[in-house]
Amino acid sequence: MIEFMNVDKIYPNGTQALQNLNLKIEQGEFVAVIGLSGAGKSTLIRCINRMHDITEGQLLVDGTDITNLRGKQVRDLRRRIGMIFQSFNLVTRISVIKNVLVSFVPDNALWRNIIGLYTKQQKVKALEALDKVGILEKAYIRVDQLSGGQQQRVALARTLAQNPAIILADEPIASLDPVTSKLVMDDFKRINKEMNISVIMNIHHVEVALEYADRIIGVRAGEVVFDGPTSKVTDDILHDIYGGNKEYKTAFEENHAHVQ
Ligand SMILES: Nc1ncnc2c1ncn2[C@@H]1O[C@H](COP(=O)(O)OP(=O)(O)OP(=O)(O)O)[C@@H](O)[C@H]1O
């Protein structure tokens, strides 16, 4: 479980990105965080794996207050929490499987990493992860020969290989076309349901969020203005989250195009 208790985040330049956040996210939930650009979505997600430090309050992951973790403890936390970015973060000039095997680097002796030697068991795990996202046949192809959607699935496989309890996804489909976005979202949903991995996703596409997530957290100016099951989200609630801003309309229209 992830628990935010009275969390504030103020960046060193004085910007208050999160204000008095109180949230509980149970293991296995699929949560979409939505809101205007600058609302605090990325900050919220990135506090969970200590990419950003909170300023006030407590943030618990499975009962441990992560605020005071240091060094190896932070690395251990990050092994339990996978992260998927909009830009995939892959090494494109090497093979798919080598990118997935990178997730084992923290487990291996330095000499193994220097010569790129992985155990048979690690290779099997990497291939299994690729199989889970449907791109096993691409294992020995260079990443730069794959489409954007396939690259995002490699990133997902790399995260799966580390056996995470939680996956944080920061705009994972922002640079993908609608058809590919659907494939990637289907992967997230399957992984969430079959493996009981929590998914917490920051997403601009409102309709996609409503189609895939079980729970919506609406953020406006650093505050949670809606938190509830997807089925309870109404047009009025979306207007409130997006502050009547025309960006909501744009996001909405974009997403209508998305599903047509
Ligand atoms: N490293 C930083 N230093 C200072 N201010 C920051 C930093 N990162 C984000 N901010 C500010 O914090 C606020 C929240 O930003 P955040 O990136 O979390 O929003 P967001 O909802 O994810 O936006 P977007 O959808 O555009 O990615 C914004 O006002 C932003 O300018």
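What you are looking at is a predicted structure, and each value in this text was computed from that prediction instead of being measured. (Residues numbered from 1 in each chain as written. Predicted model: local features only at pLDDT ≥ 70, side-chain atom pairs only at ≥ 80, totals over all residues.)

Draft legend 1. Geometry of the nonpolar core. Residues Val31, Val33, Val100 and Ile200 are the most contacted members of the largest nonpolar core, which totals 69 residues. Of the residues forming this core, the biggest block, six residues, is contributed by helix H6 (residues 148–161). Once residues lying within four places of it in the same chain are set aside, the contact partners of Val100 are Ala126, Ala129, Leu130, Val154, Ala157, Arg158 and Ala161. (Core = buried A, V, L, I, M, F, W, Y, C linked by C-beta atoms within 7 Å. Buried ≥ 20, exposed ≤ 12 C-beta atoms within 10 Å, placed from the backbone. Helix = DSSP H or I, 4+ residues; strand = E, 2+ residues; numbered from the N terminus. Contact = placed C-beta atoms within 7 Å.)

Draft legend 2. Representation of the packing of H6 against helix H7 (residues 178–195) within the structure. Axis separation between H6 and H7 bottoms out at 9 Å; the angle between their running directions is 15°. Classified by the angle between their axes, H6 and H7 sit roughly parallel to one another. Where H6 crosses over H7, the two elements pack in a sense that is right-handed. Here Gly148, Gly149, Gln152, Arg153, Leu156 and Leu160 of H6 lie close against H7, whose contacting residues are Thr180, Leu183, Val184, Asp187 and Ile191. (Axes fitted to C-alpha atoms, helices over the stretch in contact; angles between N-to-C directions. Parallel < 35°, antiparallel > 145°, perpendicular 65-115°, else oblique. Left-handed = near helix turned anticlockwise from the far one by under 90°.)

Draft legend 3. Main features of the site of the ligand. Residues in close proximity to the ligand total 13 residues, the closest being Tyr11, Ser37, Lys41, Ser42 and Thr43. The leading source of residues in the shell around the ligand is helix H1 (residues 41–48), at three residues. Residues that form the shell around the ligand fall into these classes: three nonpolar, nine polar and one charged. (Near = placed C-beta within 6 Å. Nonpolar A, V, L, I, M, F, W, Y, C, P; charged D, E, K, R; others polar.)

Draft legend 4. Region of interest: the sheet that holds strand E8 (residues 198–202). The strand order across the open sheet formed by six strands is E6-E7-E8-E3-E9-E10, and the pairing between neighbours is mixed. The two strands at the open ends of the sheet, each matched to only one other strand, are strand E6 (81–85) and strand E10 (223–229). Across the sheet, the axes of successive neighbouring strands diverge by a mean angle of 15°, strand direction being ignored. In this sheet, E8 lies alongside strand E3 (residues 30–34) in parallel orientation, the contact comprising four bridges. Counted as the bridge partner of Ala32 is Met201 from E8. The strands that H1 touches are E3, E6, strand E7 (166–170), E8 and strand E9 (215–220); relative to E8, the one it contacts most, it runs at about 150°. (Pairing = 2+ DSSP bridges.)

Draft legend 5. Here's a closer look at the pairing of E9. In terms of strand pairing, E3 meets E9 through four bridges, oriented parallel. What sits directly across from Ile34, in E9, is Gly218. Summarising the sheet, E9 and E10 pair through six bridges and their orientation is antiparallel. Within E10, the position partnered with Ile217 by the bridge is Asp227.

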